[in-house]
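# What the coordinates show
This is what each chain is made of:
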Amino acid sequence: MSTYTVRHARTADVRGIHELLEPYVRRRILLGKDLVLLYESVQEFVVAEEDATGRLIGCGALHVIWEDLAEVRTLIVSDDWLHRGVGRRLVEALEERARRIGVSRLFCLTFEVEFFTRRGFAPIGEQVVDPDVYSQLVRSPDEGVAEFLDLAHVKPNTLGNTRMLKTL
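Let us look at the structure shown here. (Residues numbered from 1 in each chain as written. Predicted model: local features only at pLDDT ≥ 70, side-chain atom pairs only at ≥ 80, totals over all residues. Heavy atoms only, no water.)

### Quick notes on the pattern of salt bridges
For the structure on display, the rule yields 10 salt bridges. As a salt-bridge pair, arginine 55 and glutamate 50 come within 3.6 Å of each other at their nearest N and O atoms. With a closest N to O distance of 3.5 Å, glutamate 96 and arginine 100 form a salt bridge. Of this pair, glutamate 96 and arginine 100 both sit in helix H3 (residues 86-101), 4 residues apart, roughly one helical turn. Per residue, the accessibility class of glutamate 96 equals that of arginine 100, and both read exposed. One salt-bridge network, in which partners are shared between bridges, spans Arg7, Asp13 and Glu49. (Salt bridge = Lys/Arg side-chain N within 4 Å of Asp/Glu carboxyl O. Helix = DSSP H or I, 4+ residues; strand = E, 2+ residues; numbered from the N terminus. Buried < 20%, exposed > 50% of the residue type's maximum accessible area, 1.4 Å probe, protein only.)

### Notes on the nonpolar core
If you look at the biggest cluster of nonpolar residues, it comprises 23 residues, and the most contacted ones within it are Val86, Leu106, Phe116 and Phe121. When contributions to this core are tallied by element, the ones reaching two or more residues are strand S1 (4-8), strand S2 (45-50), strand S3 (56-66), strand S4 (69-77), H3, strand S5 (105-110) and helix H4 (113-118). Take this core: its biggest share by element is 6 residues, from H3. Counting 14 residues, the second-largest nonpolar core is a separate cluster that includes Ala9, Ile17, Phe45 and Ala61. (Core = buried A, V, L, I, M, F, W, Y, C linked by side-chain atoms within 4.5 Å.)

### Describing H3
A turn of α-helix holds 3.6 residues, and therefore any two residues three or four places apart point the same way. Between the first and last C-alpha of H3 there are 23 Å, a value that for 16 residues agrees with the 22 Å anticipated at 1.5 Å per step. Three or more residues of H3 are buried, namely Val86, Gly87, Leu90, Val91, Ala93, Leu94, Glu95, Arg97 and Ala98. (Expected span 1.5 Å × (residues − 1).)

### Considering helix H1 (residues 14-26)
With 13 residues, H1 should cover 18 Å at 1.5 Å per step; its first-to-last C-alpha distance of 18 Å lies within 8% of that length. The largest bend along H1 reaches roughly 25° and is located at leucine 20, with the proline proline 23 sitting one to four residues downstream. Listed in full, the buried residues belonging to H1 are Val14, Ile17, His18, Leu20, Leu21 and Tyr24. Buried residues belonging to H1 abut helix H2 (35-40), S2, S3 and S4. In the segment just after H1, arginine 28 is the residue with positive phi, at about 60°. (Bend = angle between axes of the 7 residues up to and from the residue. Contact = heavy atoms within 4.5 Å.)

### Notes on unusual backbone geometry
Backbone geometry at threonine 74 places phi at a positive 55°, although glycine is not the residue there. Summarising the element assignment, threonine 74 is placed in strand S4. Given a relative accessible area of 7%, threonine 74 falls into the buried group. Backbone geometry at histidine 83 places phi at a positive 65°, although glycine is not the residue there. Looking at where histidine 83 falls in the secondary structure, it is placed in the loop between S4 and H3.

### Some remarks on the pairing of S3
Across the 11 residues of S3, 9 count as buried, placing the element largely inside the fold. Bridge analysis of S2 against S3 gives 5 bridges, and the strand direction is antiparallel. Counted as the bridge partner of glutamate 49 is leucine 56 from S3. Hairpin connection between S2 and S3: a loop of 5 residues separates the two successive antiparallel strands, and glycine 54 in this loop has a positive phi of roughly 80°. Pairing analysis gives 7 bridges linking S3 to S4, with the strands arranged antiparallel. Each bridged residue has a counterpart across the sheet, and for alanine 61 the counterpart in S4 is arginine 73. The loop that links S3 with its antiparallel partner S4 comprises 2 residues. (Pairing = 2+ DSSP bridges.)

### Observations regarding the packing of aromatic side chains
One pass over the structure, following the stated rule, counts 3 aromatic pairs. Their ring planes at 80° and their centres at 5.1 Å tell us that phenylalanine 116 and phenylalanine 121 sit as a pair that is edge-to-face. The burial state of phenylalanine 116 is the same as that of phenylalanine 121; both residues are buried. Three or more aromatic residues joined by ring pairs make a cluster, and in this case those are Phe115, Phe116 and Phe121. The residue whose ring lies beneath arginine 84 is tryptophan 81, and the NZ or CZ to ring-centre distance is 3.8 Å. Directly above the ring of phenylalanine 115 sits arginine 119, whose terminal nitrogen or CZ lies 4.7 Å from the centroid. (Phe/Tyr/Trp six-rings, centres within 6.5 Å; stacked < 30°, edge-to-face > 60°. Lys NZ or Arg CZ within 6 Å of the ring centre and 35° of its normal.)

None of the figures reported here should be taken as evidence of function without further support.
See below:
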């Protein structure tokens, strides 16, 4: 059985992250990201790398939204590595990073409700931040923030997804 390592992403990983992302974009599961956006956010990513080949088999990113809140985004595991603990290890690495930088709540927008429920996430309703914080967040141009706030303009891209939250 092959082994893998979870580590912080490097700029040399960006094209591999993009390759992992593309099949999910074609299936309309995840939104596409231009290479430039992946390079700009490489510091947010962790990757899972197959030890024997160096091939990227998974990735995930932690995007800070507010003082105590971050989003787990672009969580992907290669089809041939599904159900082998890779996704769990990626989420654990992102949770560890969140704790290290002072984030106490994690948000995700997902079709994989059972997976995230097993990781301690729960579906959320409308009011998850104070009105003062909401008034600040609504100014953000980031689509992930709009998804978190459940703003109408992102609805066509998020239909069928579940908004979930975990307190660390």
